[in-house]
Amino acid sequence: MRSESPEVAPGRLSNGSGAPCPRNRIGELFAVLLLILFAVELVGCPGGRVADVLALDGDPTAGEALYDEHCLACHGSGGVGTVRGPELTGWGAEAATVSVLLDGTEEMESYDFLSDEQLADLLAFMEELQAGL
Ligand code: HEC
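Just so you know, the residues in each chain are numbered from 1, in the order the chain's sequence is written. In keeping with the model being predicted, local features are shown solely for residues with a pLDDT of at least 70 and side-chain atom pairs are shown and tallied solely at 80 or more, while totals for entire chains, interfaces and linings include all residues.

S.K.: Give me the overall build of the protein chain: which residues, what numbers.
M.R.: Here a strand is any run of E in DSSP of at least two residues, a helix any run of H or I of at least four, and the numbering for each starts at the N terminus. For the protein chain, the count of helices and strands is 5 helices and 0 strands. For the protein chain, the N- to C-terminal ordering of α and β elements is α-α-α-α-α. Three exposure classes are used. Buried residues have 20 or more other C-beta atoms within 10 Å of their own C-beta, exposed residues have 12 or fewer, and partly exposed residues fall in between, all C-beta atoms being placed from the backbone. In the protein chain, which comprises 133 residues, the proportion classed as buried is 16%.

In structure tokens form, the structure reads like this:
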């Protein structure tokens, strides 16, 4: 006996459900895009701002004015320190300094409201303190 292979008209058994639904595809793409944006936000931005500040040439005179306004009360005249904040003369790591200013600490507020230019000015002034000028 010959076994008859059942003939199925193409398309009969598959009713088209295998075709991708365009709406789901767009949703997936959107989710992936959001994830990428989120990752860039997490990884890219803080480092980016530190790098932006470090790339600028700060003006130490403008930095001194900013220091007197924002920092003097705790870190003292010439960065010698007070009971409210440590001395800053031995503080040299620039990227770490900018990070401290942007992020703040438990005892010190964040100065991320200052512009990149102002932070670069502060850094230039602190470099002078460092050099004992
Ligand atoms: C309310 C007081 C206060 C003010 C205002 C303040 N700081 Fe601070 N700062 C501190 C204290 C306290 C620490 C150290 C303790 C800590 O890590 O929280 C510190 C730490 C630092 C450090 C890290 C130094 C180290 O040895 O850990 C730097 C750099 C710094 N401050 C710079 C500044 C600058 C620049 C300003 C002005 C824009 C400023 N601070 C304003 C209190 C202050």
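S.K.: Go over the site of the ligand, please, and point to the residues and values.
M.R.: Here, nearness is defined through the C-beta atom: a residue counts as near a molecule or strand if that backbone-placed atom lies within 6 Å of it. Around the ligand, the structure places 19 residues, and the nearest of them are Cys71, Cys74, Gly85, Thr105 and Glu107. Breaking the shell around the ligand down by element, the ones donating at least two residues are α3 (72–75) and α4 (94–103). Classifying every residue of the shell around the ligand by side-chain character gives 11 nonpolar, 5 polar and 3 charged. Gly is put with the polar residues, along with every residue not named as nonpolar or charged; the nonpolar set is Ala, Val, Leu, Ile, Met, Phe, Trp, Tyr, Cys and Pro, and the charged set is Asp, Glu, Lys and Arg.

S.K.: Help me get a handle on the packing of helix α2 (residues 60–70) against helix α5 (residues 116–131), residues and values and all.
M.R.: Helix axes are fitted only over the stretch in contact, all axes being lines through C-alpha atoms; the angle between N-to-C directions runs from 0 to 180 degrees. Contact pair α2 / α5: the axes reach a minimum separation of 7 Å and the direction vectors enclose 95 degrees. Taken as axis vectors, α2 and α5 run roughly perpendicular relative to one another. Within the contact between the two elements, α2 uses Pro60, Ala62, Gly63, Glu64, Leu66 and Tyr67 and α5 uses Gln118, Asp121, Leu122, Ala124, Phe125 and Glu128. When grouped by side-chain class, the residues that make up the contact of α2 with α5 number 7 nonpolar, 2 polar and 3 charged. By definition in this entry, angles of less than 35 degrees are roughly parallel, angles greater than 145 are roughly antiparallel, angles of 65 to 115 are roughly perpendicular, and the rest are oblique. Contacts here follow a simple rule: the backbone-placed C-beta atoms of the two residues must lie within 7 Å.

S.K.: Tell me about α4, residues and numbers included.
M.R.: Of all the residues in α4, the buried ones are Thr97, Val98 and Leu101. The buried side chains of α4 occupy one side of the element, clustering within an arc of 95 degrees when seen end-on. Opposite the packed face of α4, turned more than 90 degrees from it, sit the exposed residues Ala95 and Ala96. What the arc covers is the set of directions going from the helix axis to the C-beta atoms.

S.K.: Which residues make up the nonpolar core, and what values go with them?
M.R.: Val53, Val98, Leu119, Leu122, Leu123, Phe125 and Met126 are the most contacted members of the largest nonpolar core, which has 14 residues in total. Listing elements by their share of this core, those giving two or more residues are α1 (22–54), α4 and α5. Counting residues per element, this core draws most heavily on α5, which supplies 7 residues. Here Leu122 is in contact with Gly63, Leu66 and Tyr67, once residues within four sequence places are set aside. Under the definition applied here, buried Ala, Val, Leu, Ile, Met, Phe, Trp, Tyr and Cys residues are grouped into a nonpolar core through C-beta atoms within 7 Å.

S.K.: So what's going on with the packing of α4 against α5? Residues and values would help.
M.R.: Where α4 meets α5, the axes come as close as 11 Å, and the angle between the chain directions of the two elements is 130 degrees. Classified by the angle their axes make, α4 and α5 are oblique. Remark: the crossing between α4 and α5 carries right-handed chirality. Two secondary-structure elements touch here, α4 through Glu94, Thr97, Val98 and Leu101 and α5 through Leu119, Leu123 and Met126. Of the residues belonging to the contact of α4 with α5, the class tally is 5 nonpolar, 1 polar and 1 charged. Each helix crossing is assigned a hand: it is left-handed if the near helix lies turned anticlockwise from the far helix by less than a right angle, otherwise right-handed if that turn is clockwise.

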